[in-house]
Amino acid sequence: MRALSALAPGKVNLCLYVGAAREDGLHPLISVVQPLALADELRLEPAPPGSRSDEVVCPGIDGPNLAARALAAYREATGWDAPPQRLTIVKRVPVAGGMGGGSGDAAAALRLAAHAAGRPGDPLLDGLAPSLGADVPGQVSPRRCLVTGAGEHVESLPSPPAGLGVLVVPVDAVLSTADVYREADRLGLARPAEELEALSRDVRAAALAGSLPGRLVHNDLEAAARSLCPAIEPALAAAAEAGADRVLVSGSGPTVAGLFGGHDGAERARAAAGALQASHPRASAATPVGVESARVW
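Computed from a prediction, not measured in an experiment: that's the story for all the values here.

## Some thoughts on the overall build of the protein
Along the protein, the regular secondary structure elements total nine helices and 10 strands. For 297 residues, the compact-globule formula gives about 19 Å, and the C-alpha radius of gyration of the protein, at 19 Å, lands near that figure. Summarising its shape, the C-alpha atoms of the protein cover approximately 55 × 45 × 35 Å along the three principal directions. Buried residues in the protein amount to 50% of all 297 residues. Averaging the positions of the 26 positive and the 32 negative side-chain charges in the protein gives two centres separated by 4 Å.

## Observations concerning the pattern of salt bridges
Applying the stated criterion to the full structure yields 21 salt bridges. A salt bridge links Asp179 to Arg182; its shortest N-O distance comes to 2.4 Å. Residue Asp179 and its partner Arg182 are both found in helix α5 (residues 177-187); the two are separated by three residues, about one turn of the helix. The salt bridge partner of Arg268 is Asp245, with a shortest N-O separation of 2.9 Å. Linking Arg268 in helix α9 (residues 265-275) with Asp245 in the loop between α8 (232-241) and β8 (246-249), this pair joins segments that are 23 residues apart in sequence. Residue class for Arg268 comes out partly exposed when judged on its relative accessible area of 25%. Within the structure, one salt-bridge network assembled from shared partners comprises Arg22, Asp24 and Glu152.

## Focus on α5
Taken together, the buried positions of α5 are Val180, Tyr181, Glu183 and Ala184. End-on, the buried residues of α5 take up no more than an arc of 160°, which puts them together on one face. Of the exposed residues in α5, the ones pointing more than 90 degrees away from its buried face are Arg182 and Arg186. On its buried side, α5 packs onto β1 (4-18), β2 (29-46) and α7 (222-228). Phi turns positive one or two residues past the end of α5, at Gly188, with a value near 70°.

Each value, and the rule that gives it
- Position numbers for residues start from 1 in each chain and track the written sequence from start to end.
- Local features in a predicted model are, by the rule used here, given only for residues with pLDDT of at least 70; side-chain atom pairs are given and counted only at 80 or more, and totals for whole chains, interfaces and linings are based on all residues.
- Neither water nor hydrogens contribute to the side-chain values; these are computed over all heavy atoms in the structure.
- The secondary structure listing takes helices from DSSP runs of H or I that are at least 4 residues long and strands from runs of E that are at least 2 residues long, numbered from the N terminus.
- Here the radius of gyration uses the C-alpha set of atoms, whereas the globule reference equals 2.2 Å times the residue count to the power 0.38.
- Any residue under 20% of the maximum accessible area for its type is buried, any over 50% is exposed, and the rest in between are partly exposed; the area is computed with a 1.4 Å probe on protein chains only.
- His is not counted, nor are the chain ends, whereas Lys and Arg count as positive and Asp and Glu as negative.
- By convention, charge coordinates are those of NZ in Lys, CZ in Arg, CG in Asp, or CD in Glu.
- Any carboxyl oxygen of Asp or Glu that lies within 4 Å of a side-chain nitrogen of Lys or Arg is treated as forming a salt bridge with it.
- Each C-beta atom gives one direction from the helix axis, and the arc is the one those directions make.
- The contact definition used throughout considers only heavy atoms, calling two residues in contact when any of these lie within 4.5 Å.

Next comes the structure, spelled out in structure tokens:
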């Protein structure tokens, strides 16, 4: 089998509303998710001779990897019995930063496995994704989407307005998604079911119309992330001072996103990233991507 490569785009949650935990412990949510050109790169190839199982190589990252779980899940579900594979991941998306880096890698691993098995676009991937994590279903086929339920319901949305630019400001910390949700519960941030349902209607209508008004650009987890990681506060201030139209924590954080709209939004985001290099050297600008980013080569 020849080597195969794929990208795993990071994402920004343009809004994220969270309800109280369900009986299964998962939180219902409403989110408009936008994948970005900032992406990890994955390569799947036969493992070295003598290998007895699939392996994931991700320099600089220790511990279990969600992409390894994705490969195992695909083998189990399909009976794919190819010889052991090596999956190499080059990380560019902030780790444990709220941009879906690990989830994107898992989704890309599923795409690669399906191609390697001779089943590109395998519809089974959509069924496997929810068991891997709430962010995985929306990244199997990266595109602007509305995510509801506990992440398992994904609805495609129109492309973002032309010119949208995103300033990405990583914070030198890591946050566990589970820890952030626990802190949100402790702080009483969950919304009542009725309010969440009303917001779902508003967000869906606005998103299907092609844009999300500023009043809906909000992250219910932001206060919890800031409580656990005070370093988020100066990053939010820096993004605002750099000219972003809206600033918010991406997902469960701690990465901060600055949104730049208008025909020159991408250009303004690049200028803002340049202006922040002295204080935030890892700041960068990213543009939206769509389904074209899901290709395997």
